[in-house]
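Descriptive analysis of the structure
Now for the letters of each chain:
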4 protein chains.
Amino acid sequence: MIERVKVAVIGVGNNVSALVQGIALHCATGRLVGVRRPVLDGLGVGDIDFVAAFALSPEKVGKDLTEAIFVPPNNFPRLTSELPLSGVTVRRGLTGATEVERVAGELAGAEVVLYAAPSGRQETAQAYAEAALRAGAAFINITSDAVARDPQLLDRFVAAGLPLLGDDLTSQFGTSVVHHALLRLLEERGLTLISSYQVNLGGTEDFRNLVENSNTKMQSKLNALTADESAAGRVELAPLGYLPHLESHKVAHINIEAQAWGGTSVSLDLKLKVHDPSGGAGVTIDLIRIAANALRQRRAGYPAEAAPLLKSPPGTSV
Amino acid sequence: MIERVKVAVIGVGNNVSALVQGIALHCATGRLVGVRRPVLDGLGVGDIDFVAAFALSPEKVGKDLTEAIFVPPNNFPRLTSELPLSGVTVRRGLTGATEVERVAGELAGAEVVLYAAPSGRQETAQAYAEAALRAGAAFINITSDAVARDPQLLDRFVAAGLPLLGDDLTSQFGTSVVHHALLRLLEERGLTLISSYQVNLGGTEDFRNLVENSNTKMQSKLNALTADESAAGRVELAPLGYLPHLESHKVAHINIEAQAWGGTSVSLDLKLKVHDPSGGAGVTIDLIRIAANALRQRRAGYPAEAAPLLKSPPGTSV
Amino acid sequence: MIERVKVAVIGVGNNVSALVQGIALHCATGRLVGVRRPVLDGLGVGDIDFVAAFALSPEKVGKDLTEAIFVPPNNFPRLTSELPLSGVTVRRGLTGATEVERVAGELAGAEVVLYAAPSGRQETAQAYAEAALRAGAAFINITSDAVARDPQLLDRFVAAGLPLLGDDLTSQFGTSVVHHALLRLLEERGLTLISSYQVNLGGTEDFRNLVENSNTKMQSKLNALTADESAAGRVELAPLGYLPHLESHKVAHINIEAQAWGGTSVSLDLKLKVHDPSGGAGVTIDLIRIAANALRQRRAGYPAEAAPLLKSPPGTSV
Amino acid sequence: MIERVKVAVIGVGNNVSALVQGIALHCATGRLVGVRRPVLDGLGVGDIDFVAAFALSPEKVGKDLTEAIFVPPNNFPRLTSELPLSGVTVRRGLTGATEVERVAGELAGAEVVLYAAPSGRQETAQAYAEAALRAGAAFINITSDAVARDPQLLDRFVAAGLPLLGDDLTSQFGTSVVHHALLRLLEERGLTLISSYQVNLGGTEDFRNLVENSNTKMQSKLNALTADESAAGRVELAPLGYLPHLESHKVAHINIEAQAWGGTSVSLDLKLKVHDPSGGAGVTIDLIRIAANALRQRRAGYPAEAAPLLKSPPGTSV
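Residues numbered from 1 in each chain as written. Chains lettered and ligands numbered in written order. Predicted model: local features only at pLDDT ≥ 70, side-chain atom pairs only at ≥ 80, totals over all residues. Heavy atoms only, no water.

Per an unreviewed UniProt entry, chain A is named Myo-inositol-1-phosphate synthase, and its organism is Planotetraspora mira.

This is the structure we're talking about:
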């Protein structure tokens, strides 16, 4: 029988809430929903144990992980009324380089360290990677901070025989995925794109951060959409809208105007509504299992099979 | 320089209106929109001459082709205010087997016979195929009547060294194409389909015929949608709605309800509005060029490259 | 302190499920949602006791009312996990005129008889009205069968000093209400309506009945929409779509195409999704209180204040 | 026979383009679309002559009015291919107080001065009002700058026996009008509003200005929406999105989430697409006729019948 994966989480936000609850729900009901790979190299969705958790918010530190995930500003909904305590008490996160040693000690026993803190604190992200290195664990960075695409860090993980996965999670089924699929379909069928827009609205703390730092994000979104087609310059993004009432939902409005044979018009309007953090957890569950398998099979560095799940793998610009 | 293709059309409905006008517009402006393949084996979109046309409606017979295409119930819009006369006078179509000889004589000189009459008159369709055989022309059947998938007819075209293309046109960018692409995307990304529906509304005479004979059509639509996925039984089609105000537009409303990680909900709503006959003409323009090339290269029977453009190619059930 | 209203229900379908559960939920939580009038002439939403219930389905007869409301084909969702038994056992409904006496006896003690069986059985509806007459109770007919608009029946209620309310419930917030409001707004603002359509989809047993008997219903819907404006002939209804996956939801797609100043286009697209039976219960709760007040104040016949809540009040054609 | 109204326009943007073209189209075709009042106190839509026009852009100055309305950044479409020259040459607008006298002289003969320059230049707006005063003309301010609601200016128009209309045009059929109507309907029918949002997208230069100065505008929009209902705090506005591809279109996405009886959910999603400047012209045509009638009937000051057409009439805060 396969040994369960021991995972430490850094950051106790909506993404981790979705991950922890989704695994618990699967274990309780046996149901498998929203999962790309029920079993990945022998590891099932339920074969995961959380062994440590770190957060900065004083309201989260000291609580059991399954309680801390409901502390505001977290607003991912409670998926089940019965969520047993995890037995893992949230510890105080790292606030400076001097604490790497302390954290490395507290990571002892973890096979995989999942870095899921808010984006935008690169030094902190790298400090946790350092701690994982010292603790002999694989490291996954799902934020957009540069960790796996920092060549020196990657070299050190390779030298230590440890896997390093990152950076920045692709969404399982978000606006870009759908918009891109429709633009590609249009092209395949020989229609001529006239114009297209995308409106993104959300209500989580993560989305609020995104809104405040949206310039680079928006451009990268546009690039992703129009990379492989003649669509460049024909797709526009409306400014991101932080609407607290949406809570953990994300809503997108997509419009595509095109021309078919004879120049006649084709209009497509789409509304997509998802639970923002669920898409992330649905991808993270695969990354954790890839990391654990790589570690156990002693495959060091960046595992190629993680590529479709990450936006900025090693080799992309920082 | 390439020789222009000589085409005879059977039926002067909205599809032929879109085809004739789109070619004229392209020739006048040089613009290429809604075209999958600008040049196909040497043949451009404008390299087509209409040399004969047949219709049953007394209001169409005797008129120039470019006038007959605007006779009601045709309601495809006028794409350009300047459409020169074609010089082709619409002749009286075939009403019984005894007229095959007459029509075969009138098809003399045509390389490709395009059968675009209303669906549902299989004997007539086969009589025209017979006439094309005698006239030594390639035959394209874009209706759902069984012509190319009638093994005996296909054998006779093979024996005569003539191409036979059909049956039933795929749409260039219709509801099924978009709905299917989204369901497939959902599956690829690991989401669990809960339910989905599709509403189809249209305002052409063809659409009205469809509404009145919708049972088999609906089932075949459903089959196409759910063939390659676990979606069977989860997709529902609302009854087709003939709404005259839509004129030559077709409107679809698609809804998809799914579950992502943790069972959280994903909702997608889409409205698609197209000019119904344009999609058909955008595919027919490729079939005509494939047929002409096959004839000139003496490739008899069903040309494999036509397969992606047809719903019921030879070998499918009648 | 006000005396609670004693209500008997005929029919134990989705509408009654919504009514019973909504009252219980209000009593348990004190919350007031979706209610037009928290207190109506002294009667609150919670001042209602169910004292008898009748149904035809053998699966419902003999069960407690709060259990029978969940028996299929009922599919209105369970609003609360804690719904105490009502103490009312569902009795066998009337199947012929000979049973009027029996039912009248079983209605003893009821102040208000709510007739909420499936539409389309006028004789049965009138037999229950007869039983209510004999039992000395007010009668409410929320179906489209002619009861209150039968002049002879109304005369007999007047003679007996009893209120009679009906026929056919208006919806609280349905497609017609919204569509009509938008068409009226358009007219008020001076826009010119070009065309409009409405698609209605539903998943309840009541909706299925409607689909099968939709001809008259559709025409009456159209009349209601276009009565007071120049819209006649510009609004089209797509055929009703029974989609079981929708369960107790009703979905409508509305499109309005208009012209503003200079003939420029105005397009409006709307999707409305509601729980079908909730709208009915939100209106029924007012009718019950109007009926009880009228009875207690000895106002016989049709109480004028019920008019905005009914589609076919006395005086309309049968 | 009624005497035609002599109108001078200040600013030659999209609004004036829509106005000029719409009147010409009506005169040429006799058609009346998007007009609230075909005849207003004897004045028809076509009873208007433009006698002077002022602009700042060097590309517009010196051109005939019917040519200047198509100079970029104007992007309102050409409504008719045949638009006769107006005979009015666009003059150089006022750039400082010293030019009031010059402009007053050039306004000689105008009965109504329509101020339709970009919002945000209050001194300029008031200088034009001054020039109109000296020229003995009625003045209409459709911008949000304070003119009619400046008590001193209003007093001077009253003293001079001249009408003064303003400030800030209501839209004929815009997002706020529709959103407000739906929220009011919801309340009337007893539903409980849970949350609502509005997304506004546009492509005109005016819209771009709005985006850059959106803070106050957004708050005033919110106030207007939620003034008369318990909706305050439940309606959110996404940031305005300037999308050049939309050209002169304005697009809004509105969502309303509510609860009906029993707390069941009601969802309404709406997309509205209009030609931005058309709505303005459809209201301006009424203001011009009100102003002319007031002038001719020697009614000085603010004519009460203009109130429903203006957002900030005299008495509202500056």
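1. What about the overall build of chain A?
Note the threshold: Helix numbers and strand numbers start at the N terminus; a helix is a DSSP run of H or I with at least 4 residues, a strand a run of E with at least 2. Both definitions apply: the radius of gyration is a C-alpha atom measure, and the globule rule equals 2.2 Å times residues to the power 0.38. For every residue, the accessible area obtained with a 1.4 Å probe (protein chains only) is divided by the maximum for its type, and the residue is called buried under 20%, exposed over 50%, and partly exposed between those limits. Residues count as neighbours in contact if any of their non-hydrogen atoms are within 4.5 Å of one another. Using the Shrake-Rupley algorithm and a 1.4 Å probe, accessible areas are obtained, with residue cover drawn only from the displayed protein chains. Under the counting rule used here, the positive set is Lys and Arg, the negative set is Asp and Glu, and His together with the chain ends is not counted. Where a charge sits is defined by one atom per residue type, namely NZ (Lys), CZ (Arg), CG (Asp) or CD (Glu).
Per the secondary structure count, chain A includes 9 helices and 13 strands. Taking 318 residues into account, the globule formula puts the C-alpha radius of gyration at 20 Å, and chain A, at 20 Å, falls close to it. Seen through its principal axes, chain A has C-alpha atoms that stretch 70 × 45 × 40 Å. Per-residue burial for chain A yields a buried fraction of 59% across its 318 residues. Long-range contacts, defined here as pairs at least 24 residues apart, represent 76% of the contacts in chain A between residues at least 6 apart. Accessible area of chain A: about 12,100 Å², with a carbon and sulfur share of 50%. Measuring between centres, the 29 positive side-chain charges of chain A sit 2 Å from its 33 negative side-chain charges.

2. A closer look at the interface of chain C and chain B
Quick note on the threshold: Buried area adds together the accessible area that both of two parts lose upon being put together, with accessible area traced by a 1.4 Å probe. For this analysis, a salt bridge means a side-chain nitrogen from Lys or Arg found within 4 Å of a carboxyl oxygen belonging to Asp or Glu. Pairs of N or O atoms are called polar contacts if they sit within 3.5 Å, as long as, within protein, a hydrogen donor faces a hydrogen acceptor (for residues adjacent in sequence, only side-chain-to-side-chain pairs).
Between chain C and chain B, the residue contacts involve 24 residues of the former and 24 residues of the latter. Of the roughly 1,700 Å² buried between chain C and chain B on both sides combined, carbon and sulfur atoms contribute 59%. Among the residues chain C hides against chain B, the three largest losses belong to C:Tyr197, C:Glu236 and C:His245. Together they make up 36% of the total. In this structure, the connection of chain C to chain B is made through 2 salt bridges. Note that B:Asp269 is salt-bridged to C:Lys271, the shortest N-O span being 2.6 Å. If you look at where chain C meets chain B, you find 9 residue pairs in polar contact (both at pLDDT 80 or more). Counting only elements with at least two residues in the side of chain C that touches chain B, the list comes to strand S9 (192-202), strand S10 (235-237), strand S12 (249-259) and strand S13 (265-275) of chain C.

3. A look at the interface of chain B and chain A
Of the residues lining the interface, 50 residues belong to chain B; the matching set on chain A comes to 50 residues. Between chain B and chain A lies a buried interface of about 4,000 Å² when both sides are counted; carbon and sulfur atoms form 64% of it. On the chain B side of the contact with chain A, B:Phe173, B:Arg189 and B:Trp261 bury the most area, a combined 24% of that side's loss. If you look at where chain B meets chain A, you find 0 salt bridges. Applying the counting criterion to the chain B and chain A interface returns 18 residue pairs in polar contact (both at pLDDT 80 or more). Only helix H1 (14-29), helix H6 (175-188), strand S13 (265-275) and helix H9 (276-296) of chain B provide two or more residues apiece to the side of chain B that touches chain A.

4. Side note on the pattern of salt bridges
Within the structure shown, the criterion is met by 66 salt bridges over all chains. For A:Arg134, the salt bridge is made with A:Glu130, and the minimal N-O distance between the two is 3.4 Å. Placement of the pair is A:Arg134 and A:Glu130 together in helix H4 (residues 122-135), with a separation of 4 residues, close to one helical turn. Since its relative accessible area comes to 47%, A:Arg134 is described here as partly exposed. When the shortest N-O distance is used, the salt bridge between C:Asp276 and C:Lys250 registers 3.6 Å. With C:Asp276 in helix H9 (residues 276-296) and C:Lys250 in strand S12, the pair connects residues that are 26 residues apart, well separated along the chain. Assessed through its relative accessible area of 23%, C:Lys250 is described here as partly exposed.

5. A short note on the sheet that holds strand S8 (residues 164-165) of chain B
To keep things clear, this is the line we draw: Pairs of strands are assigned from DSSP output, requiring at least two bridges between the strands.
Pairing in this open sheet of 6 strands is parallel, and the strands run S5-S4-S1-S6-S7-S8 (chain B) from one edge to the other. Either end of the sheet is taken by a strand with one partner, and the two such strands are strand S5 (90-92) and S8 of chain B.

6. Topic: the pairing of strand S9 (residues 192-202) of chain A
Residues and elements named next belong to chain A. When you tally the buried positions in S9, you get 9 out of 11 residues, the bulk of the element. Bridge count for S9 against strand S12 (residues 249-259) is 10 bridges, and the pairing is antiparallel. In the sheet register, Ser196 faces S12, and the bridge partner there is Ile256. Two elements, S9 and strand S10 (residues 235-237), share 3 bridges in a ladder whose sense is parallel. In the strand pairing of S10, Ser196 is matched with Val235.

7. Considerations on the relation of the copies chain B and chain A
Defined as follows: In superposing the copies, a least-squares fit is computed on C-alpha atoms, taking residues whose pLDDT is at least 70 in both.
The transformation that overlays chain B on chain A combines an axial shift of 0.0 Å with a rotation of 180°, and the residual RMSD is 0.1 Å. Here the two chains are linked by the operation of a two-fold rotation axis. Across chain B, the smallest distance between a C-alpha and the rotation axis is recorded for B:Leu270, namely 2.1 Å. The share of interface residues of chain B whose copies in chain A are also at the interface is 100%, consistent with both copies meeting through the same surface.

8. What to know about the arrangement of the chains
Separated without contact, chain A and chain C have their nearest C-alpha atoms at a distance of 10 Å. Of all C-alpha pairs spanning chain B and chain D, none lies closer than 10 Å, and the two are not in contact.

9. Focus on the environment of B:Met218
Residues and elements named next belong to chain B. Position of Met218 among the secondary structure elements: in helix H8 (residues 214-226). Met218 gets classed as buried once you look at its relative accessible area, which sits at 15%. Distance in space between the C-alpha atoms of Met218 and Leu237 is 7.3 Å, their sequence separation being 19 residues. With near-sequence residues (within four places) excluded, Met218 lies in contact with Leu237, Ala238, Pro239 and Leu240.

10. Observations concerning the pairing of S13(B)
Burial analysis of S13(B) places 9 of its 11 residues in the buried class, which makes it a mostly covered element. Direction of pairing for strand S13 (residues 265-275) of chain A relative to S13(B): antiparallel, over a ladder of 7 bridges. Across the sheet, the residue bridging to A:Leu268 is B:Leu272, located in S13(B). Both strand S12 (residues 249-259) of chain B and S13(B) contribute to a ladder of 11 bridges, which runs antiparallel. Across the sheet, B:Ile256 pairs through a bridge with B:Leu268, a residue of S13(B). Counting the residues in the hairpin turn of S12(B) and S13(B) gives 5 residues, including B:Gly262, whose phi is positive at 75°.

11. Concerning the domain arrangement of chain A
All names here are of chain A. What counts, and what does not: Start and end positions for the domains come from either an automated domain assignment or a database one. Under this grouping Gly is polar, as are all residues other than the nonpolar Ala, Val, Leu, Ile, Met, Phe, Trp, Tyr, Cys and Pro and the charged Asp, Glu, Lys and Arg.
Looking at chain A, the domain boundaries give domain 1 (5-170 + 278-309) and domain 2 (175-275). The straight-line distance from the C-alpha centre of domain 1 to that of domain 2 is 29 Å. Taken residue by residue, the interface counts 10 residues in domain 1 and 9 residues in domain 2. For the domain 1 and domain 2 pair, buried surface summed over both sides reaches about 630 Å², with 45% attributable to carbon and sulfur atoms. Applying the counting rule to domain 1 against domain 2 returns 0 salt bridges. Seen at the junction of domain 1 and domain 2, the total is 2 residue pairs in polar contact (both at pLDDT 80 or more). At the level of elements, helix H1 (14-29) and helix H9 (276-296) are the ones that each hand at least two residues to the side of domain 1 that touches domain 2. The class makeup of the residues in the side of domain 1 that touches domain 2 is 4 nonpolar, 5 polar and 1 charged.

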